Amino acid sequence: MQIWAGPCAIESEKQAMQIAKEVARYEGVIFRGGAYKGQNRPIVKGKPCFWGLGEEGLQILHRIKQVFGIQVSTEVQSVEQLKLALDYGIDYLQVGARHMQNFPLIRALSYVQRPIILKRGLGNTVDEWLGIAEHLRANGNKDVIMCERGVSSFDRTNDTRWRLDCLAIAEIKYQYPHYKVIADVSHGTGRRELALPMAKAAKGAGADGIMVELHYDPDSSPTDGRQTVNFDQFKQIMESV
Ligand code: PEP
Ligand code: MN
């Protein structure tokens, strides 16, 4: 299993370094962290929403690579951001759920020779998702990693946000065993205590990897704190998958 772990958002160099240090303790784990964030509303809990550090976040990711010798992954939302991410040597380029059908971005990424993590759109079918993967491969990029991150559902009982669709993982692995599919057990559950059982479920469904949001103090995180695991919970996930 390949693991991606790190904060939802890069908040500062100090915060990112502290989490990267923990990630680096586990061999082969890739550090993830958002430099560009999107938010559902401009005001969150009475405060202006956090858009991410932008280019400064990419610089911090670059430093993490140098300091810890680990690979890094981040979301790009536009062609401009993609160019910057390439300049800073980002190893994995993430397409966010809301950008799965951002066609200018998808076309630009199809010419890039770097692995791409393609998140499934919140309300997109497996077929639509696979279609975008085909677009990404059309111009020679062969390294597309499908990331199931939960889909919209009528049922958000107890703050589960989206529902991790393990059936989609099993279906893709059945139809296209050579496709890489990973499960984002943070966005796919909405609650950190559900990340471990769903990581096991995703592995059972055939997932090749797991993405999880990680923080030393998840509740202090400006974005996605509720679904972010702490260091102890991460250790448990690493031990079981
Ligand atoms: C993220 O990975 O932090 C993120 C914004 O994910 P998604 O695009 O799946 O909502
Ligand atoms: Mn997030």
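## What about the coordination of the manganese ion (ligand 2)?
1) Next: Looking at the manganese ion (ligand 2), the protein donor atoms are Cys-8 (SG), His-187 (NE2), Glu-213 (OE) and Asp-224 (OD), and they sit 2.0 to 2.4 Å from it.
2) Next: Taken in chain order, the donor set of the manganese ion (ligand 2) reads C-x178-H-x25-E-x10-D. Note that Glu-213 is positioned in strand S10 (residues 209–213) and Asp-224 in the loop between S10 and helix H8 (231–240), a separation of 11 residues in sequence.
3) Next: For Glu-213, a relative accessible area of 0% corresponds to the buried category.

## A closer look at unusual backbone geometry
1) Next: Of note, Lys-45 is a non-glycine position whose phi angle comes to about 50 degrees, a positive value.
2) Next: With respect to the helices, strands and loops of the structure, Lys-45 is situated in the loop between strand S3 (43–44) and strand S4 (47–48).
3) Next: Not every positive phi belongs to a glycine, and Asp-159 is a case in point at roughly 70 degrees.
4) Next: Topologically, Asp-159 is positioned in the loop between strand S8 (144–148) and helix H6 (166–175).
5) Next: Residue classification places Asp-159 among the exposed positions, given a relative accessible area of 51%.

## Observations regarding the nonpolar core
1) Next: Membership of the largest hydrophobic core comes to 63 residues, with the highest contact counts inside it found for Phe-31, Ile-64, Leu-118, Met-146 and Phe-234.
2) Next: Among the elements that line this core, the one with the most residues is helix H5 (residues 126–138), at 6 residues.
3) Next: What Phe-234 contacts, discounting residues up to four positions off in sequence, is Ile-3, Ala-5, Tyr-26, Val-29, Val-212, Leu-214 and Val-229.
4) Next: Counting residues in each nonpolar core, the second largest holds 8 residues, with Trp-4, Ile-117, Cys-147 and Met-211 among its members.

## Structural notes on the sheet that holds S8
1) Next: If you walk around this closed barrel you meet the 8 strands as S1-S2-S5-S6-S7-S8-S9-S10, and the pairing is parallel. Taking each pair of neighbouring strands and ignoring which way they run, the sheet shows an average axis angle of 25 degrees.
2) Next: Here 3 bridges tie strand S9 (residues 180–184) to S10, and the two strands are oriented parallel to one another. Note on S10: the bridge partner recorded for Asp-184 is Met-211.

Criteria and thresholds
Residues numbered from 1 in each chain as written. Chains lettered and ligands numbered in written order. Predicted model: local features only at pLDDT ≥ 70, side-chain atom pairs only at ≥ 80, totals over all residues. Heavy atoms only, no water. Donors = N, O, S within 2.8 Å, 3.2 Å for Na, K, Ca; no water. Helix = DSSP H or I, 4+ residues; strand = E, 2+ residues; numbered from the N terminus. Buried < 20%, exposed > 50% of the residue type's maximum accessible area, 1.4 Å probe, protein only. Core = buried A, V, L, I, M, F, W, Y, C linked by side-chain atoms within 4.5 Å. Contact = heavy atoms within 4.5 Å. Pairing = 2+ DSSP bridges. Axes fitted to C-alpha atoms, helices over the stretch in contact; angles between N-to-C directions.

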